[in-house]
Amino acid sequence: MWPFWLWQPPLFQLMTPVLCKTFVVAINNTDSAVFVNGKFCKDPATVTANDFFFPGLNIPGNTAASKLGSSVNLVNVDKLPGLNTLGISLARLDFAPYGLNPPHIHPRGTELLVVMEGRTNAVAFAGLSSQNPGLITIANAVFGSNPPINPDVLTKAFQLDKNVVDYLQKQF
């Protein structure tokens, strides 16, 4: 068996600070020479507090403008440049009574949703494990795909009448 002291790192290694990247702020300027994680990067000397601030998460979304009775305000790297390379984004979801968030997936991220209580309208906040999680709404992908999925396939797969499938495809 090896002596215990051989498994210990030298004391100076334990006390040496690790130099690491703390932030890489995104910028919409193709003149930037640095391109990280799908975004051009701002010169660190020009970074300001506003690069890490997003106003509006305290403002309820317009649920009346949606057929679903809900509103989603996604805050990703495009709206909050300081999120670049951090691998996170967030969202505020507002729901009218009986409103819903349709079945969906995020192909590049995982979502954690916390629903807050509300007397009439409800609000939820989501944390996502990607700066650009993407969104695929199941109904849109199935019934609104382009080119469309053959109605005979959908009729058999969902065990629906062909008229129902035709109706659903026309909704998208």
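- An unreviewed UniProt entry lists the chain under the name Cupin type-1 domain-containing protein, with Castanea mollissima given as the organism.
- Taken from UniProt, the Sequence similarities (unreviewed entry) comment for the chain reads in full: "Belongs to the germin family."

1. Structural notes on the environment of alanine 91
Here is step 1: Note on placement: alanine 91 falls in strand E5 (residues 89-95).
Here is step 2: Judged by its relative accessible area of 4%, alanine 91 falls in the buried class.
Here is step 3: Those residues in contact with alanine 91 that lie beyond four places of it in its chain are Val72, Asn73, Leu74, Val75, Ala124, Phe125 and Ala126.

2. Things to note about the UniProt feature "binding site: oxalate" (unreviewed entry) in the chain
Here is step 1: Following the UniProt record, the feature "binding site: oxalate" (unreviewed entry) maps to Asn101, His106 and Glu111 here. From the set just named, the residues that line the largest pocket comprise Asn101, His106 and Glu111.
Here is step 2: Mapped onto the elements, asparagine 101 comes out in the loop between E5 and strand E6 (104-105).
Here is step 3: Assessed through its relative accessible area of 29%, asparagine 101 is described here as partly exposed.
Here is step 4: Ignoring anything within four residues of it in the chain, the contact list for asparagine 101 reads Leu93 and Phe95.
Here is step 5: Mapped onto the elements of the fold, histidine 106 is located in the loop between E6 and strand E7 (111-116).
Here is step 6: A polar side-chain atom of histidine 106 sits 3.3 Å from a polar atom in the side chain of histidine 104.

3. Quick look at the layout of surface pockets
Here is step 1: Its boundaries defined by the atoms lining it, the largest pocket holds a volume of some 330 Å³.
Here is step 2: Along the wall of the largest pocket there are 20 residues; nearest its centre are Val72, Asn101, His104, His106 and Leu135.
Here is step 3: Secondary structure elements with two or more residues in the lining of the largest pocket: strand E4 (70-75) and E5.
Here is step 4: The residue makeup of the lining of the largest pocket, split by class, is nine nonpolar, 10 polar and one charged.
Here is step 5: Lining the second largest pocket are Lys67, Leu68, Pro102, Thr137, Ala139, Asn140, Leu168, Gln171 and Phe172.
Here is step 6: Looking at the lining of the second largest pocket residue by residue, the class counts come to five nonpolar, three polar and one charged.

Cut-offs applied
- Residues numbered from 1 in each chain as written.
- Predicted model: local features only at pLDDT ≥ 70, side-chain atom pairs only at ≥ 80, totals over all residues.
- Heavy atoms only, no water.
- UniProt positions renumbered as here; feature names shortened; annotations may be inferred.
- Helix = DSSP H or I, 4+ residues; strand = E, 2+ residues; numbered from the N terminus.
- Buried < 20%, exposed > 50% of the residue type's maximum accessible area, 1.4 Å probe, protein only.
- Contact = heavy atoms within 4.5 Å.
- 1 Å grid on protein atoms, 1.4 Å probe; cavity = no way out; pocket = protein on both sides within 12 Å on 5 of 7 lines; lining within 4 Å.
- Polar contact = N/O pair within 3.5 Å; in protein donor to acceptor, adjacent residues only side chain to side chain.
- Points joined across faces, edges and corners; volume = space filled by probe spheres on them.
- Nonpolar A, V, L, I, M, F, W, Y, C, P; charged D, E, K, R; others polar.

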